[in-house]
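Close look at the chain arrangement
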Amino acid sequence: MTNLPEPAGTPGPPEMRAGDADRERVAQVLRDAAGDGRLTLAELDERLDAVYAAKTYADLEPITRDLPAPGAAAPAPLPTGTAADWRPLESAPSWKTGIGIMSGFNRTGVWNVPRRFRAFAFWGGGKIDLREARFNEPVTTIRALAIMGGCEVIVPDDITVHVKGLGIMGGFDNRASGPGAPGSPTVVVKGFAFWGGVGVKRRKSSRQKRREKELNRPEDD
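We now turn to the structure provided with this report.

Procedures and definitions
Residues numbered from 1 in each chain as written. Predicted model: local features only at pLDDT ≥ 70, side-chain atom pairs only at ≥ 80, totals over all residues. Heavy atoms only, no water. Helix = DSSP H or I, 4+ residues; strand = E, 2+ residues; numbered from the N terminus. Buried < 20%, exposed > 50% of the residue type's maximum accessible area, 1.4 Å probe, protein only. Contact = heavy atoms within 4.5 Å. Phe/Tyr/Trp six-rings, centres within 6.5 Å; stacked < 30°, edge-to-face > 60°. Salt bridge = Lys/Arg side-chain N within 4 Å of Asp/Glu carboxyl O. Pairing = 2+ DSSP bridges. Core = buried A, V, L, I, M, F, W, Y, C linked by side-chain atoms within 4.5 Å.

Quick notes on the overall build of the protein chain
Within the protein chain one finds four helices and 13 strands. For the protein chain, the proportion of its 221 residues judged to be buried stands at 38%. Taking all contacts inside the protein chain whose residues are at least 6 apart in sequence as the whole, residues at least 24 apart take part in 65%.

So, in structure tokens, the structure goes:
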């Protein structure tokens with residue numbers, strides 16, 4: 001039954017009644033998927049409700065149909081760039097800080113990212129967009145402090161990201177953490193959010209979109 005986890009032995013027919021152990025195995029698959037960022041917390045709750053209401057194997061099977069089989073290795077990220085895509089540009093601006101105090105700041109477009117970048121938002125907000133950025137070092141550390149304000153960090157989908165911040169009466173989203181393509185830069189986001197939030201999101205860069213377009217382009221006869 002696709003990736004429905006089964007104990008050793010031959011799986012029963014779809015109409016066979018499911019037991020508590022069967023439901024718990026499927027529930028664990030869902031919890032693992034949520035931990036990997038494949039399901040949101042709302043989706044996890046919805047699917048767990050369906051798991052514990054399931055009566056047969058046929059009821060359980062669709063719940064994990066779109067998830068990897070237990071123990072299956074995750075696919076490696078598709079290489080989408082070369083070292084030249086990440087090198088700094090002399091003509092591009094360079095910023096080491098972003099400050100938004102009862103106002104906002106934007107660091108977007110093509111710009112050179114230093115080894116360390118500091119962001120501060122107080123009753124304000126800021127946006128750090130790395131999709132078209134160039135990197136001075138293999139590892140970049142962004143230290144963000146948000147107090148009654150917010151900071152948004154957008155990273156290319158093909159770089160390695162580690163989010164290690166702390167939120168108190170606020171949020172420090174770590175769902176973007178994960179590996180990138182071989183040879184890509186690494187971005188570490190640290191810091192603190194109090195009555196505010198720091199959000200880190202993965203988005204495709206124009207480089208990735210061009211690469212996907214080239215791969216999907218039909219070959220000439």
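Digging into the side chain of T140
For T140, the position within the fold is in strand β7 (residues 139-147). When near neighbours in sequence (up to four residues on either side) are disregarded, T140 contacts V113, P114, R115, F135, T186, V187 and V188.

Some points on the packing of aromatic side chains
The full count for this structure, using the stated rule, is six aromatic pairs. For the ring pair F192 and F194, a centre distance of 6.5 Å and an interplane angle of 10° mean the geometry is stacked. On the accessibility criterion, F194 (28% relative accessible area) is partly exposed. The interplanar angle of 0° and the centroid separation of 5.7 Å between the aromatic rings of F194 and W195 together place this pair among those described as stacked. For W195, a relative accessible area of 49% translates into the label partly exposed. Members of the aromatic cluster, joined through ring pairs, are W95, W111 and F117.

Considerations on the pattern of salt bridges
For the structure shown, the criterion picks out eight salt bridges. Ionic pairing is found between R65 and E61, a salt bridge with its closest N-O pair at 2.6 Å. Judged by relative accessible area, R65 falls into the exposed class, the value being 53%. Ionic pairing is found between D129 and R131, a salt bridge with its closest N-O pair at 2.6 Å.

Structural notes on the sheet that holds strand β2 (residues 104-107)
The parallel open sheet is built from five strands, whose spatial order is β2-β5-β8-β13-β11. Each edge of the open sheet is held by one strand with a lone partner, namely β2 and β11 (171-172). Bridge count between β2 and strand β5 (residues 125-129): four bridges; the pairing is parallel. Each bridged residue has a counterpart across the sheet, and for G104 the counterpart in β5 is G125.

Some thoughts on the nonpolar core
Side chains of a nonpolar character, in soluble globular proteins, are inclined to be buried together. Among the nonpolar cores identified, the biggest contains 26 residues, and I128, L130, C151 and V200 are the most heavily contacted of them. Elements with a contribution of two residues or more to this core: β4 (116-122), β7, β8 (150-156), β9 (160-163), β12 (186-194) and β13 (197-203). Apart from residues no more than four positions distant in its own chain, V200 is found in contact with V153, V155, V161, V163, D173, A176 and V189. In terms of nonpolar packing, the next biggest core, distinct from the first, is built from 15 residues, A18, V26, L30 and L44 among them.

Bear in mind that shape data such as this cannot, by itself, settle questions of function.
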